[in-house]
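# An overview of the molecular structure
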Amino acid sequence: MTSSSIEHDLSSGRVAVHDPAIAQEHGVYYLFGTHRRCARSTDMVHWERFENNLSRDPYALLGDIWREWPKQETNPDLLENTWAPDVIWNGTMGKWCMYLSINGDHFQSVIVLLTAPHLDGDWTYVGPVVYSGFDAKNLWRTDVPKVLELKSIENNDSYGYDLSRYFSLKDTRINAIDASPVLCEHGEMWMGFGSWFGGIWMLKLDPRTGLRDYSVRYPLVKNSSDPYYGVKIAGGYWNSGEGSYFIRSNGWWYLFVSYGWLGRTGGYQIRLFRSKSLLGPYSDQNGNSAVSFGEIPNNQTHGTGIRIMSSVRWHGGPADVADIEVSQGHNSVIRRASDGRLFIVYHTRFADRAFGKYSDDEDYESHVRELLPTSNGWLVVAPYEYRGDAAVPLANIDEVGGDYEIVMHDPHAFFNGKYDGHGMHIGVNRAQKCTFHRDGRITRGEAVDFFDTPVADFPRSTDGPVACGSWRLQERAAGMPNCCISDMEIILDDVTYVGVFAVLPREIDGKLVVTFSAIGNNICIWGSQI
């Protein structure tokens, strides 16, 4: 697949970069994605594609390592197997470092390092960082013997070392894809990687070379660490989970992981965890570990991790049901240099769009939304796509009052392309209408009739709609950032949600409305004033 193949017509300023990794240099934002697609923008709204030597002639750059390891008869073409790069500035080297997966069948993949002085320029190949898919016969073509300190024993394929865990998809057999390089708060350089099956891992890099730090040794501890792959961060036991991304804010490290399969009906979705340490342990609001300790079939329909977005149908947009976002995932995050705001960028497919001869699984776009910090140390996603207007704080408390649509990002269901008995898409979350009163009440529906005594033979009516909860503004703790948001607490149907009010333009018409994003009991909800 070339860098320009299978791409439908896009609206002005839109780009289709799969697995987008975002970075900023000299006031310009750059996206790098699967199949060597690159884009740039000065505002994160209007994007344009650009080329470099990686997109123009990948064989000249990667041909040798491709032939040395991933290439097989069942996948003979490099062009379809350059996946999910991520980039990071390495101050020690004075260069940008790109970590790119070259994928092979049977997980025979390798993550490699390329460097460049600037993000809009050409790249130089440096070398391999980590391998997967090796066995007792071919591991000498990798750095596994060096890391595990193996010595060849004639006529003994195990080389005196038990490699069996690397052959099991429910143990430590991973795919070396989805690199996520990161600088910790102490200045150390690490890289997350892995996908499904054996889980997501992290190893230390040497900032002088950008490659693996061979001086670091990791013990063999089940579900915790491995001598070759390093520290286990998430997943395992053949459970879905890929596209890890790490960002530090408000004293926490946040881990984003995509569950499900990336196709339009595959239930792809982003789950959120946090930890006080880059190396974990990571857990969600209910204390569920990001690391799996057993097989969980269809874990994208279970409650581990906070699902931060979903497919939504409400009055705020989009206008056409066909344009509803589905299968959102493989995100990255950027902290805007000008004001410190966080933005999440991800790819999404759509509920009912298909173009010409191409499968609708290839109809995707890169979208951006703002991330907002909550007073209890979580991150929530703005309800509307970022189109140039960042979240604005409430001018006064009176703005909160009024009718709202509220959507829950259901972690147990996803868009599957099918319809229910009412002709509605299964897995598209629909809004419920509630009214926020200035006295702090939340009500839903109309006045209802009821019988409240066993001897009554006639009903009496409530004074108005039934109360279903309450809302209040919060005071932010000293030292916590309060950037263009209004901290709030909502009690809805006996669940307490903590989040933020923010004024944002609706997608359907650009009208500024009060919105909220909040998390409670491991569930994320969105609200938008009608």
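Placed above this text is the structure.
It should be emphasised that the depicted structure is a prediction, and the values quoted were computed from it without experimental measurement.

### Looking at the pattern of salt bridges
Scanning the entire structure with this criterion turns up 26 salt bridges. With a shortest N-O distance of 3.1 Å, Asp122 and Arg56 are connected by a salt bridge. Of this pair, Asp122 sits in the loop between strand 7 (110–116) and strand 8 (124–131) while Arg56 sits in helix 1 (residues 53–56); the two residues are 66 residues apart in sequence, bridging distant segments of the chain. By sharing partners, the salt bridges in this structure join Arg14, Asp323, Arg353, Asp363, Glu365, Glu385 and Arg387 into a single network.

### Focus: the pairing of strand 10 (residues 189–194)
Within strand 10, six of the six residues are buried, leaving the element largely enclosed by the surrounding structure. Judged by which residues are buried, strand 10 turns out to be covered on both faces: Met189, Met191 and Phe193 on one side and Trp190, Gly192 and Gly194 on the other are all buried. Bridge count between strand 9 (residues 180–183) and strand 10: four bridges; the pairing is antiparallel. What sits directly across from Val182, in strand 10, is Trp190. In this structure, the hairpin formed by strand 9 and strand 10 is closed by a connection of five residues, where Gly187 is found at a positive phi of approximately 90°.

### Some details on the packing of aromatic side chains
Throughout the structure, instances matching the rule amount to 25 aromatic pairs. Their ring planes at 85° and their centres at 5.4 Å tell us that Trp69 and Tyr131 sit as a pair that is edge-to-face. One end of the pair, Trp69, is in the loop between helix 2 (58–68) and strand 5 (82–90); the other, Tyr131, is in strand 8, and 62 residues separate them in sequence. By relative accessible area, Trp69 is classed as buried at 0%. Ring centres of Trp314 and Trp526 lie 6.3 Å apart, and the angle between their planes is 25°; this geometry places the pair in the stacked category.

### Here we look at empty space enclosed by the protein
If you walk through the whole model with that rule in mind, you get six cavities of 30 Å³ or more. Quantified by volume, the largest cavity comes out at close to 70 Å³. Forming the boundary of the largest cavity are 13 residues, of which Asp86, Ala179, Tyr245, His330 and Asn331 lie nearest the centre. Of all elements in the fold, only strand 5, strand 14 (242–249) and strand 19 (325–335) reach the threshold of two or more residues within the lining of the largest cavity. Partitioned by chemical class, the residues of the lining of the largest cavity number six nonpolar, five polar and two charged.

### Details of the pairing of strand 1 (residues 21–25)
Across the five residues of strand 1, four count as buried, placing the element largely inside the fold. Sheet topology places strand 1 next to strand 2 (residues 28–32); five bridges connect them, and they run antiparallel. Paired with Glu25 across the strands is Val28, a residue of strand 2. Here strand 1 folds back onto strand 2 in antiparallel fashion, the turn holding two residues, of which His26 has a positive phi close to 50°.

### Examining the sheet that holds strand 2
Strand-to-strand pairing in sheets goes through backbone hydrogen bonds, with the strands running parallel or antiparallel. The strand order across the open sheet built from four strands is 1-2-3-4, with neighbouring strands paired in antiparallel fashion. For this open sheet the edge positions go to strand 1 and strand 4 (48–49), each flanked by a neighbour on one side alone. Pairing of strand 2 with strand 3 (residues 38–41) involves four bridges; the strand directions are antiparallel. Of the residues in strand 3, the one forming a bridge with Tyr29 is Ser41.

### Some points on the nonpolar core
Grouped together as the largest cluster of nonpolar side chains are 71 residues, with contacts concentrated most on Leu62, Tyr99, Trp123 and Tyr228. When sequence neighbours within four positions are dropped, the list of residues in contact with Trp123 reads Phe32, Asn52, Asn53, Leu61, Val87, Trp96, Cys97, Met98, Leu114, Thr115 and Ala116. Ile270, Met309, Val381 and Tyr384 belong to the second largest nonpolar core, which has 33 residues in total.

What counts and how
Residues numbered from 1 in each chain as written. Predicted model: local features only at pLDDT ≥ 70, side-chain atom pairs only at ≥ 80, totals over all residues. Heavy atoms only, no water. Salt bridge = Lys/Arg side-chain N within 4 Å of Asp/Glu carboxyl O. Helix = DSSP H or I, 4+ residues; strand = E, 2+ residues; numbered from the N terminus. Buried < 20%, exposed > 50% of the residue type's maximum accessible area, 1.4 Å probe, protein only. Pairing = 2+ DSSP bridges. Phe/Tyr/Trp six-rings, centres within 6.5 Å; stacked < 30°, edge-to-face > 60°. 1 Å grid on protein atoms, 1.4 Å probe; cavity = no way out; pocket = protein on both sides within 12 Å on 5 of 7 lines; lining within 4 Å. Points joined across faces, edges and corners; volume = space filled by probe spheres on them. Nonpolar A, V, L, I, M, F, W, Y, C, P; charged D, E, K, R; others polar. Core = buried A, V, L, I, M, F, W, Y, C linked by side-chain atoms within 4.5 Å. Contact = heavy atoms within 4.5 Å.

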